[in-house]
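# Overview (structure and organization)
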There are 2 protein chains.
Amino acid sequence: MNNLASYIDHTLLASNATEEQIDKLCAEAVKHSFCSVCVNSGYVAYAYDKVKDSAVKVCSVVGFPLGSMDIAAKAYEAKLAITNGATEIDMVVNVGWLKSGRWDLVELDIEALREICEGVVLKVIFETALLEDSDIEKLCEICTKFKVDFVKTSTGFSTRGASLEDVILMKSSIGNGVSIKASGGIRDRAKAIEMIDAGATRLGTSSGVAIVAGLESATEGY
Amino acid sequence: MNNLASYIDHTLLASNATEEQIDKLCAEAVKHSFCSVCVNSGYVAYAYDKVKDSAVKVCSVVGFPLGSMDIAAKAYEAKLAITNGATEIDMVVNVGWLKSGRWDLVELDIEALREICEGVVLKVIFETALLEDSDIEKLCEICTKFKVDFVKTSTGFSTRGASLEDVILMKSSIGNGVSIKASGGIRDRAKAIEMIDAGATRLGTSSGVAIVAGLESATEGY
């Protein structure tokens, strides 16, 4: 696979990530022509300044990593991120409402973000580690209904990251126009290619440099 | 200690917490006269409705648990929580900025929340697991300067919760008017009393019922 770099959202979401580490993330993304750098919203303006003269985009996570934030607060965080230069927004589903059967609120949350993200790529993070297959299927339906751009497996902060089964189930459950981002625990080229073969067209990983270098495993953890 | 219940913020912050679990949390808080229920901002209005006829307050976490959110987004999340009934706000410090030496931004973040939380109790969560003693001392100075109500040890989502050393260091570093909330890993009465003896006047725990019952350990984890 020659264009593997273009699949990668080069990701650094640790709460103690420094400006120096964000500098490195951005420089690597530009050097390797990754799709984007994926950061917390407090670093969006900073990262945008570092990559704005390249083709690398800024992706901001929102309501991250719990997804348990007030709907309007999540929407406002996305709005600010877009104002500060983000052209991709990765929001986290409210799993608590989902587990309460409050699909009405789950929908409102996604709908609010879709409205804010007009002309901006919207990804909805499911946190599959916490979900049943039927939850994943229903979320895929909702994401298709609201014309979400990507369904995304994981935050990287739960009990596990993306599984091949997640991606296969998502692939069979999404409608036209919705793509798949696999994220969490993708640390080597073999796993990256496995996810792509299963239907993912975007990968969230902190091991992008190792993956494009073809190393079997990255030296850095997720 | 007879009034142990009044020290407790009865806490449920798991991303998959259901409405039914929040119902139970609120009922227990009312029954045992805990100080507050502490929830994610998406549950503030819901919890307020359950406790509004009692003396139990609603405490909302903000920018939780990473603290890496845009300053204005954090402030807006707090504003919404207050509108929805919260009278206590527990915000998380931006540890990434702190580790970058960007104390100017760390201060702006706390200042913005102090302005929004007029007449509302503001607690600043340090996440001591990620900090050096000198970081804790400096944060205590800043929190004293901005008249924060409480410095708080931990989110419960990092590598460890509150330690006795954290509380002792905070006690020696805060100025007049600032109190201490110990949180994370406080699961039994002995630990609770140890924290209070060291200077904490508020405890964040999901084991409040077991603590006031005097059980040696709670059956539920943090």
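Just above sits the structure.
Read on for a plain summary of the structure. (Residues numbered from 1 in each chain as written. Chains lettered and ligands numbered in written order. Predicted model: local features only at pLDDT ≥ 70, side-chain atom pairs only at ≥ 80, totals over all residues. Heavy atoms only, no water.)

## Points about the pattern of salt bridges
Scanning the entire structure with this criterion turns up 38 salt bridges over all chains. Taking the shortest distance from any N to any O, the salt bridge between Glu 88 of chain B and Arg 202 of chain B comes out at 2.7 Å. You can see Glu 88 of chain B sitting in strand 4 (residues 88-92) and its partner Arg 202 of chain B sitting in strand 8 (residues 202-205), a full 114 residues away along the chain. Notably, a salt bridge pairs Glu 107 of chain B with Lys 145 of chain B, separated by 2.9 Å at the nearest N-O pair. Separated by 38 residues along the polypeptide, Glu 107 of chain B in helix 5 (residues 103-116) and Lys 145 of chain B in helix 6 (residues 133-145) bring together distant segments of the chain. By relative accessible area, which is 21% here, Glu 107 of chain B ends up partly exposed. For Lys 145 of chain B, a relative accessible area of 53% corresponds to the exposed category. Within the structure, one salt-bridge network assembled from shared partners comprises Asp 9, Lys 57, Glu 88, Asp 90, Lys 123, Lys 152, Lys 181 and Arg 202 of chain A. (Salt bridge = Lys/Arg side-chain N within 4 Å of Asp/Glu carboxyl O. Helix = DSSP H or I, 4+ residues; strand = E, 2+ residues; numbered from the N terminus. Buried < 20%, exposed > 50% of the residue type's maximum accessible area, 1.4 Å probe, protein only.)

## Focus on the interface of chain A and chain B
Interfaces are frequently sized by the accessible area removed from exposure as the parts join. Contact residues are listed per partner, giving 31 residues for chain A and 31 residues for chain B. The interface formed by chain A and chain B includes two salt bridges. For Glu 19 of chain A, the salt bridge is made with Arg 102 of chain B, and the minimal N-O distance between the two is 2.9 Å. Elements supplying a minimum of two residues to the side of chain A that touches chain B: helix 3 (71-83) and helix 4 (95-99) of chain A. Sorting elements by how many residues they give to the side of chain A that touches chain B places helix 3 of chain A first, with five residues. For the side of chain A that touches chain B, a count of residues per class yields 16 nonpolar, ten polar and five charged. (Contact = heavy atoms within 4.5 Å. Nonpolar A, V, L, I, M, F, W, Y, C, P; charged D, E, K, R; others polar.)

## Brief notes about the sheet that holds strand 4 of chain B
Residue and element names in this part refer to chain B. Strands sit in the order 1-2-3-4-5-6-7-8 around a closed barrel of eight strands; the barrel is parallel. Here the average twist between neighbouring strands, direction ignored, is 25 degrees. Taken together, the five bridges between strand 4 and strand 5 (residues 121-125) define a ladder with parallel strand orientation. Among the inter-strand pairings, Ile 89 is bridged to a residue of strand 5, identified as Leu 122. Seen against the sheet, helix 5 touches strand 3 (57-62), strand 4 and strand 5 and runs at an angle of roughly 170 degrees to strand 4. (Pairing = 2+ DSSP bridges. Axes fitted to C-alpha atoms, helices over the stretch in contact; angles between N-to-C directions.)

## Things to note about the packing of helix 3 of chain A against helix 3 (residues 71-83) of chain B
Between two packed helices, both the angle of their axes relative to each other and the distance between the axes serve to describe the pair. Following both chains from N to C, one finds helix 3 of chain A and helix 3 of chain B inclined at 160 degrees, their axes separated by 9 Å at the closest point. By the angle between their axes, helix 3 of chain A is roughly antiparallel relative to helix 3 of chain B. Helix 3 of chain B is crossed by helix 3 of chain A, and the crossing has right-handed handedness. Contacts between helix 3 of chain A and helix 3 of chain B involve Ala 72, Ala 73, Tyr 76, Glu 77 and Leu 80 of chain A on the former and, on the latter, Ala 72, Ala 73, Tyr 76, Glu 77 and Leu 80 of chain B. Classifying every residue of the contact of helix 3 of chain A with helix 3 of chain B gives eight nonpolar, no polar and two charged. (Parallel < 35°, antiparallel > 145°, perpendicular 65-115°, else oblique. Left-handed = near helix turned anticlockwise from the far one by under 90°.)

## Looking at the sheet that holds strand 4 (residues 88-92) of chain A
Strands sit in the order 1-2-3-4-5-6-7-8 (chain A) around a closed barrel of eight strands; the barrel is parallel. Strand-to-strand, the axes of this sheet are offset by a mean angle of 25 degrees, without reference to chain direction.

## Remarks on the pairing of strand 1 (residues 8-11) of chain A
Residues and elements named next belong to chain A. Of the two faces of strand 1, the one lined by Ile 8 and His 10 and the one lined by Asp 9 and Thr 11 are each fully buried. Alignment of strand 1 against strand 8 (residues 202-205), held across three bridges, turns out to be parallel. In the sheet register, Asp 9 faces strand 8, and the bridge partner there is Gly 204. Pairing of strand 1 with strand 2 (residues 36-39) involves three bridges; the strand directions are parallel.

## Section: the side chain of Thr 205 of chain A
Residue and element names in this part refer to chain A. As for its placement among the helices and strands, Thr 205 is situated in strand 8. A relative accessible area of 0% means that Thr 205 is categorised as buried. At 2.6 Å, the side chain of Thr 205 and the backbone oxygen of Ile 186 are in polar contact. (Polar contact = N/O pair within 3.5 Å; in protein donor to acceptor, adjacent residues only side chain to side chain.)

## Here's the deal with the environment of Arg 160 of chain A
Residues and elements named next belong to chain A. Its location among the elements puts Arg 160 in the loop between strand 6 (150-152) and helix 7 (164-173). By relative accessible area, Arg 160 is classed as partly exposed at 34%. Spatially, the C-alpha atoms of Arg 160 and Glu 127 are 8.8 Å apart, while their sequence positions differ by 33 residues. Setting aside chain neighbours within four positions, we find Arg 160 in contact with Glu 127, Thr 128, Ala 129, Ser 154 and Asp 166. Within polar-contact distance, the side chain of Arg 160 engages the backbone oxygen of Thr 128 at 3.5 Å. Within the structure, Arg 160 has its side chain in polar contact with the side chain of Asp 166 (distance 2.8 Å).

## Notes on helix 3 of chain B
With 13 residues, helix 3 of chain B should cover 18 Å at 1.5 Å per step; its first-to-last C-alpha distance of 19 Å lies within 8% of that length. Within helix 3 of chain B, the full set of buried residues consists of Ile 71, Ala 73, Lys 74, Ala 75, Glu 77, Ala 78, Leu 80 and Ala 81 of chain B. Lining the buried residues of helix 3 of chain B we find helix 3 of chain A together with helix 2 (44-51), strand 3, strand 4, helix 4 (95-99) and helix 5 of chain B. (Expected span 1.5 Å × (residues − 1).)

## Regarding the side chain of Thr 155 of chain B
All names here are of chain B. Along the chain, Thr 155 turns up in the loop between strand 6 (150-152) and helix 7 (164-173). Residue class for Thr 155 comes out buried when judged on its relative accessible area of 1%. At 2.5 Å, the side chain of Thr 155 forms a polar contact with the side chain of Glu 127. A polar atom in the side chain of Thr 155 sits 2.9 Å from the backbone nitrogen of Phe 157.

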